[in-house]
Amino acid sequence: MIEIPRYIATLQPYVAGKPIDELAREKKLPRIVKLASNENPYGPSPRAVEAMRHAITELHRYVDPGSFTLVHKIADTFGVKPSQVITGSGVDALLSYTVKTFTEHNDQVVTSEGTFIGIYVNVNKHHRSLNLAPLKNYAYDLDAMLSRVNPGTKLIYLANPNNPTGTIFSAEQFERFMAKVPKNILVILDEAYFSYAKSNPAYPNGLTYNYENLIVMRTFSKDYGLAGIRVGFAIGPEYLIREMYKVKLPFEPNFMAQKAAIASLDDAEFLQKTIETNARNLKRMVKAFTEIGIPQVRSDANFILLLLPHEQLALDFNSACLDRGLIVRHVRSFGIPNGIRVNTGTDDETTFAIDVIGEVYHSLMKTAAGVASPMER
Ligand SMILES: Cc1ncc(COP(=O)(O)O)c(C=O)c1O
């Protein structure tokens, strides 16, 4: 019998959005719309599809472990040196490499409650410890995070916008925060939703800073519609990126992912269409949910967090949406047990979501009121 290390046996694994195929196997439904994983409703850029088609015939070759062409393309696009760039199988992989490269067993990672589940899993799976500051009005409380920093802290994780709340901190707040973080503590700034938030003038672009203790991460999973092929990148000071290359699995991102990412960076038109569709449908969702009367958190991303009165209602809400073919995300595993996250879709998918959510919310609240009133009497 193999003894499983305690930190693995007790590890709470990553909880993903329900796949469309899984729901289709479980229920016979005329239509299924998935708005549970903040994906791009348009799929990948047509240029990326074309690049992957060409790449198929070269899959017998190992990839260049340094992703030379992709790294140079990213460096050119974002105005940094190639030696400041590392790519990986999504931000999730890069988070794993960062924790492994810069921390040791039992070192502490400070972040927030109610943030991206990927950081919780990556810290715990490497046997490091989490020190979580509470959210304040569903947004990061950077001062509370600073107050958690102690001699055992090696790393701080920030997602801006945050997932699952969609909130941002401003450039001013970030600069004030960085001025107080000791220089021997590494800050990861995860900008997975950069493209959606950048129209907000208060939003900081992490790549415009030159802190010696800052690594910025971006992904092709959201705005570029490449979630299924796994590709993301990190940009930071050379002396840090160099160390991460020692830890990275050599042949990732895979060949197709590299080709798709390079082609995506040339498709400004696709990116613009994605950003505009999101802005339009986020506005429609906010308006509709306000009219329906569902409490929600103001978002600068491609999703909204809805707040149900308590966890059981969030569970009921989730399963009532599934019964009607709408996959949303109950975000208990992110630390918000009464939260339901729903992302924007195409215009038509967004209409479907608004209709389903309105119907489900009204019927749940009616039942909840009916259950509550006799007890109140
Ligand atoms: C804040 C944040 N970071 C990272 C990721 C994952 O990105 P990737 O698909 O590149 O692993 C997500 C996905 O939900 C996210 O919300």
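Residues numbered from 1 in each chain as written. Predicted model: local features only at pLDDT ≥ 70, side-chain atom pairs only at ≥ 80, totals over all residues. Heavy atoms only, no water.

Asks: Before we go on, may I ask you to explain the side chain of Asp141 in this structure?
Replies: If you trace the backbone, Asp141 turns up in the loop between strand 4 (129–133) and helix 7 (142–148). Excluding its chain neighbours within four sequence positions, the residues that come into contact with Asp141 are Pro134 and Lys136. (Helix = DSSP H or I, 4+ residues; strand = E, 2+ residues; numbered from the N terminus. Contact = heavy atoms within 4.5 Å.)

Asks: I'm lost on the site of the ligand in this one. Help?
Replies: If you check the shell around the ligand, you find 13 residues, and the closest are Asn163, Asp190, Tyr193, Thr219 and Ser221. In this structure, Asp92 approaches the ligand through a main-chain N or O atom, which is 3.0 Å from an oxygen atom. At 2.6 Å from an oxygen atom of the ligand is found a side-chain nitrogen or oxygen belonging to Asn163. Out of a free accessible area of 400 Å², the ligand has 95% covered by protein chains. When residues of the shell around the ligand are assigned to their parent elements, the largest contribution, three residues, is made by helix 5 (residues 90–102). Grouping the constituent residues of the shell around the ligand by class yields five nonpolar, four polar and four charged. (Near = heavy atom within 4 Å. Polar contact = N/O pair within 3.5 Å; in protein donor to acceptor, adjacent residues only side chain to side chain. Areas by Shrake-Rupley, 256 points an atom, 1.4 Å probe, with all protein chains shown as cover. Nonpolar A, V, L, I, M, F, W, Y, C, P; charged D, E, K, R; others polar.)

Asks: It is not clear to me how the pattern of salt bridges should be interpreted in this structure. Could you clarify?
Replies: All chains considered together, the criterion is met by 17 salt bridges. Measuring nitrogen to oxygen at the nearest pair gives 3.0 Å for the salt bridge that ties Lys18 to Glu26. Owing to a relative accessible area of 46%, Glu26 belongs among the partly exposed residues under this scheme. What emerges from the salt-bridge pattern is a single network uniting Lys18, Glu22 and Glu26. (Salt bridge = Lys/Arg side-chain N within 4 Å of Asp/Glu carboxyl O. Buried < 20%, exposed > 50% of the residue type's maximum accessible area, 1.4 Å probe, protein only.)

Asks: So what exactly am I meant to see when it comes to the pairing of strand 3 (residues 108–112) here?
Replies: Successive side chains on a regular strand alternate, one facing one side of the sheet and the next facing the other. For strand 3, the tally of buried residues reaches five of five residues, placing the bulk of the element in the interior. Both strand 3 and strand 4 contribute to a ladder of five bridges, which runs parallel. For Gln108, the partnering residue across the bridge sits in strand 4 and is Ser129. (Pairing = 2+ DSSP bridges.)

Asks: Looking at this structure, how should I read the environment of Ala93?
Replies: Within the secondary structure, Ala93 is located in helix 5. Separated by 208 residues in sequence, Ala93 and Ala301 place their C-alpha atoms 22 Å apart.

Asks: Sorry, what's going on with helix 11 (residues 255–265) here?
Replies: Turn by turn, an α-helix covers 3.6 residues, leaving residues three or four places apart pointing in a common direction. Burial of helix 11 is extensive: 10 of the 11 residues sit out of reach of the surface. For helix 11, the secondary structure elements touched by its buried residues are helix 3 (46–55) and helix 4 (68–78).

Asks: Looking at this model, I keep getting lost on the sheet that holds strand 2 (residues 85–88). Mind explaining?
Replies: Whenever strands of a sheet pair, they do so through backbone hydrogen bonds, lying parallel or antiparallel. Ordered by their spatial adjacency, seven strands build an open sheet running 2-8-7-6-5-3-4, and the pairing between neighbours is mixed. A strand with exactly one partner marks an edge of an open sheet, and here the two such strands are strand 2 and strand 4. The sheet shows a mean angle of 25° between the axes of neighbouring strands, taken without regard to direction. Here strand 7 (residues 214–219) runs beside strand 8 (residues 232–235); their pairing, made up of four bridges, is antiparallel. Residue pairing for strand 8: Arg218 is matched across the bridge by Phe233. Contacts from helix 6 (residues 117–125) reach strand 3, strand 4 and strand 5 (153–159) within the one sheet, and its direction differs from that of strand 4 by about 145°. (Axes fitted to C-alpha atoms, helices over the stretch in contact; angles between N-to-C directions.)

Asks: Looking at this model, I keep getting lost on the sheet that holds strand 12 (residues 339–343). Mind explaining?
Replies: Spatially, three strands are ordered 9-12-11 in an open sheet, and the strand pairing comes out antiparallel. Of all the strands in the sheet, just strand 9 (303–307) and strand 11 (329–330) have a single pairing partner and so form its edges. Against the sheet, helix 12 (residues 268–292) makes contact with strand 9 and strand 12, and its axis sits at roughly 15° relative to strand 9, the strand it touches most.

Asks: For this particular structure, what's the right way to read the domain arrangement of the protein chain?
Replies: Many structure descriptions define interface size as the accessible area lost when the parts assemble. Along its sequence, the protein chain is carved into domain 1 (6–43 + 269–376) and domain 2 (46–267). Taken over C-alpha atoms, the centre of domain 1 sits 25 Å from the centre of domain 2. With both sides pooled, the region where domain 1 packs onto domain 2 buries about 2,800 Å², and carbon together with sulfur makes up 65% of that total. For the pair domain 1 and domain 2, the number of links is zero salt bridges. Linking domain 1 with domain 2 are 11 residue pairs in polar contact (both at pLDDT 80 or more). Mapped onto the side of domain 1 that touches domain 2, the elements with two or more residues apiece are helix 1 (6–9), helix 12 and strand 9. For the side of domain 1 that touches domain 2, the leading source of residues is helix 12, giving six residues. Its residues placed into classes, the side of domain 1 that touches domain 2 shows 17 nonpolar, 11 polar and five charged. (Domains from an automatic or database assignment. Buried area = accessible area lost by both parts, 1.4 Å probe.)

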